[in-house]
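# Tertiary structure, described
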Amino acid sequence: MSLKITVIGTGYLGATHAAAMAELGFEVLALDVVKEKIEKLERGETPMYEPGLEDLLRRHVAGIEGSTGRLRFTQDWAEVGAFGDVHFVCVNTPQKHGEYACDMSYVESAIGSLAPHLTRPALVVGKSTVPVGSADRLAATIAGLAPAGAAAELAWNPEFLREGFAVDDTLHPDRIVVGVRSERAEKLLREVYATPVGEGSPFVVTDFPTAELVKTAANSFLATKISFINAMAEVCEAADGDVAKLAEAIGYDDRIGKKFLRAGIGFGGGCLPKDIRAFMARAGELGADQALTFLREIDSINMRQRGQMVELAREALGGGSFLGKRVAVLGATFKPDSDDVRDSPALNVAGQIHLQGGQVTVYDPKGMENARRVFPTLGYADSALEAVRGADVVLHLTEWREFRELDPVELGEVATTRLILDGRNALDPALWRAAGWTYRAMGRPTA
Ligand code: UDX
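All of the points below concern the structure found in this document.

Reading the values: rules and limits
- Residues numbered from 1 in each chain as written.
- Predicted model: local features only at pLDDT ≥ 70, side-chain atom pairs only at ≥ 80, totals over all residues.
- Heavy atoms only, no water.
- Salt bridge = Lys/Arg side-chain N within 4 Å of Asp/Glu carboxyl O.
- Helix = DSSP H or I, 4+ residues; strand = E, 2+ residues; numbered from the N terminus.
- Near = heavy atom within 4 Å.
- Polar contact = N/O pair within 3.5 Å; in protein donor to acceptor, adjacent residues only side chain to side chain.
- Areas by Shrake-Rupley, 256 points an atom, 1.4 Å probe, with all protein chains shown as cover.
- Nonpolar A, V, L, I, M, F, W, Y, C, P; charged D, E, K, R; others polar.
- Contact = heavy atoms within 4.5 Å.
- Buried < 20%, exposed > 50% of the residue type's maximum accessible area, 1.4 Å probe, protein only.
- Pairing = 2+ DSSP bridges.
- Axes fitted to C-alpha atoms, helices over the stretch in contact; angles between N-to-C directions.

Before going further, it helps to examine the pattern of salt bridges. If you walk through the whole model with that rule in mind, you get 30 salt bridges. Of the charged contacts in the structure, one is a salt bridge between Arg190 and Glu186, with a shortest N-O distance of 3.0 Å. Here Arg190 and its partner Glu186 are both found in helix 8 (residues 183-192), 4 residues apart, which amounts to about one turn of the helix. Between Arg314 and Glu311 there is a salt bridge whose closest N-O contact spans 2.8 Å. Pair noted here: Arg314 and Glu311 are both in helix 13 (residues 293-316), with a separation of 3 residues, about one helical turn.

The structure is reproduced here in structure tokens:
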């Protein structure tokens, strides 16, 4: 008989995982403590913009016409305990207020609520990004509370999905990592992931600490790549070199690779910044802080890019103050194909210029609502063209495809000054220059 799966926490990770498990053919019951979230999902709607996710939900959520009915929702822990063979814990682990460390309270409360209802053999699988050592502690919690005793155990299975590609990354992961303590746990997880493994996804079996560390190590490596190229951009800027060419040229070395070498205003979002900070905090607790001091530099190179973008804009506007200057900002989300503005470099730059007296008008294809909520005092326009109308300078800060497809000639007709600063090194300088624009980007020659 096919495994019954539950998913605890229906945020970004959980909603996607639950829908993907239903797509793989399993019966899925998902729980969230927030009623409104569940009500939305029951209608096949998602709380965030993620390409393909609503389609996937509608295909499986029970009660929606034409669906398989394999995905249901509940708020009842006893129902979850009675239903599941495998329970995925997908709650979030934000940065603690005023500290680098990660806030484990949601994970602890999820495990604490579930464990007393584990009355039959079950595998609890943590997917949240946690400080190394957490799984060991949570296993002890389960052992102490589960009525099923040793038949209820824990595994750790970090998630590597990217926003904007969440559905694809979940259905076709580039690797599956499982930290397990028994053959039975490994066997169950091989059963859950039989389809992607059959399609060629590598299945890596480790102990608990290694599984936890794989996630933070991967994110630290990605953050390091981005800050590395941004550091090179700073040097190129000083030496009049071209960081885009440099990235292309080093990227041909397949030990280095081309990806994640796009210089610009740096990384943001709900994962990379908080994950590298939590990793430093945890290494400190373990007495291994020296090993990760380089991440402090990665973080500070990254945060510096935002200030440098502001200075580039100031300089392009003649060097004085932003007072009375009209600044068009294209992009508010931390990356394209997402409506997420958490720790968004684009919104940060827009905010800094606004707070220094600039008249900032923002346009983003999907992030307007969230941006307005976080920064209600910025100006907002309904299209790129409207944002650019009357602008003294245009800042391209999130690399949406829509912005690459803009017509510089049409935009040039409405802008006060044809001055564009590309904070993502994603536009074609030749195209903009041919339409009479002055094009500037960090780490690239002026003409
Ligand atoms: C990241 C990891 O990629 C993912 O594996 C993990 O599970 C969660 O964290 P995500 O937060 O969706 O995913 O963002 P990602 O695609 O990694 O981009 C992060 C940031 O880096 C964005 O702000 C992006 O604009 C920036 N970036 C990316 C660059 O500045 N340059 C690059 O070359 C690539």
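There's plenty left to go through after this.
On to the site of the ligand. The environment of the ligand is made up of 21 residues, and the closest members are Phe160, Glu163, Arg262, Phe334 and Lys335. Contacts to the ligand include Leu161, whose backbone N or O atom sits 2.9 Å from an oxygen atom. Measuring from an oxygen atom of the ligand, one finds a side-chain N or O atom of Arg424 at 3.2 Å. When the ligand is considered free in solution it has 670 Å² of accessible area, and contact with the protein chains removes 94% of it. The element that contributes the greatest number of residues to the shell around the ligand is helix 10 (residues 208-239), accounting for 4 residues. A per-class count over the shell around the ligand returns 10 nonpolar, 3 polar and 8 charged.

Okay, the environment of Ala152 next. Along the chain, Ala152 turns up in strand 6 (residues 152-156). Put simply, Ala152 and Arg120 are 32 residues apart on the chain and 7.2 Å apart in space, counted from C-alpha to C-alpha. Among residues more than four places away in sequence, those in contact with Ala152 are Leu118, Ala122, Ile142 and Ala146.

With that settled, consider the pairing of strand 12 (residues 393-396). By the alternation rule, side chains of strand 12 split into Val393 and Leu395 and Val394 and His396, which are all buried. Summarising the sheet, strand 12 and strand 13 (residues 419-422) pair through 3 bridges and their orientation is parallel. Across the sheet, the residue bridging to Leu395 is Leu421, located in strand 13.

The parallel open sheet is built from 6 strands, whose spatial order is 11-10-9-12-13-14. Across the chains shown, the open sheet's two edge strands, defined by having one partner strand only, are strand 11 (379-380) and strand 14 (438-441). Against the sheet, helix 13 touches strand 12, strand 13 and strand 14, its axis set at about 165 degrees to strand 13. Running over the sheet, helix 14 (residues 345-355) touches strand 9 (326-330), strand 10 (359-363), strand 11 and strand 12 and is turned about 160 degrees from strand 10.

Geometric values such as these leave the question of function open.
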